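Read off the chains here:
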Amino acid sequence: AISVLAAFAELTGGDAPVAMFLGDLPEPHHISPSIEDLIVPKKRHKNLTLDERVLALLRDGREGESDFDIKTSPMAAFIYSEIGDDGLKEAMTLLSHPMDKQHSKALLLSLPKRCVAEIGMACSHIAITRSNLLKDLVLKIQEDREI
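One structure accompanies this document, and this report is about it. Sequence positions are assigned chain by chain, starting from 1 and proceeding in written order. Two thresholds apply to this predicted model, a pLDDT of at least 70 for residue-level local features and 80 or more for giving and counting side-chain atom pairs, whereas whole-chain, interface and lining totals are computed over all residues. Think of the side-chain values as coming from all heavy atoms in the structure, minus any hydrogens and water.

## Describing unusual backbone geometry
Line of reasoning, step 1. Residues His 97 and Pro 98 are joined by a peptide bond in cis, for which omega reads -5°.
Line of reasoning, step 2. As for its placement among the helices and strands, Pro 98 is situated in the loop between helix H5 (74–92) and helix H6 (101–110).
Line of reasoning, step 3. We note that Asp 144 has phi near 55°; this positive angle belongs to a residue other than glycine.
Line of reasoning, step 4. Looking at where Asp 144 falls in the secondary structure, it is placed in the segment after helix H8 (131–142).
Line of reasoning, step 5. Residue exposure (1.4 Å probe, protein chains only): buried if accessible area is under 20% of the type maximum, exposed if over 50%, otherwise partly exposed. A residue is classified by how much of its surface remains accessible, and Asp 144, at 60% relative accessible area, is exposed. Per the convention used, a helix needs a DSSP run of H or I reaching at least four residues, while a strand needs a run of E reaching at least two, with both numbered from the N terminus.

Take a look at the structure:
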């Protein structure tokens, strides 16, 4: 999931803090919009093979709390529910650190268009300064135009 965010960042102006695309971590006295408000894992597609335990861990979270991370990973759960084990294996071959334009394009194009669209549009509501660039990128991918 973090590489998908890195790909969106790379293709819309370069590296940026994760919070710019995901929203701030929740705090007791401060609530701001976050990606988990906008992306919800769907029921898995019948033709996908995936590990229900992994999906549950991503969607519902681990048992213990952490001081350094959030408990759930709704975006990772959403992506995994869209691509399954085979898609995950393919996506893993397209990762690089740091993400460059070539790998960013390849990663986003390897994902189902509806998956890229939902994540990109959700990020456009949070990353206000890149909103138009994110929307344009999603449209290009949906229309099979050069990105």
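## Examining H5
Line of reasoning, step 1. Here the expected span of a helix is defined as 1.5 Å times the quantity of residues minus one. Look at H5: only 19 Å from first C-alpha to last across 19 residues, short of the 27 Å you get at 1.5 Å a residue.
Line of reasoning, step 2. Fitting one axis to the seven residues ending at a residue and another to the seven starting there, the bend at that residue is the angle between the two axes. The largest bend in H5 amounts to roughly 105° and is located at Gly 84.

## A short note on the pattern of salt bridges
Line of reasoning, step 1. Here a salt bridge means any side-chain nitrogen of Lys or Arg lying within 4 Å of a carboxyl oxygen belonging to Asp or Glu. Applying the stated criterion across every chain yields a total of 6 salt bridges.
Line of reasoning, step 2. Two residues, Glu 143 and Arg 145, come together in a salt bridge whose shortest N-O distance is 3.2 Å.
Line of reasoning, step 3. Of the residues examined, Glu 143 reaches a relative accessible area of 43% and is grouped as partly exposed.
Line of reasoning, step 4. The partly exposed category is assigned to Arg 145, whose relative accessible area is 42%.

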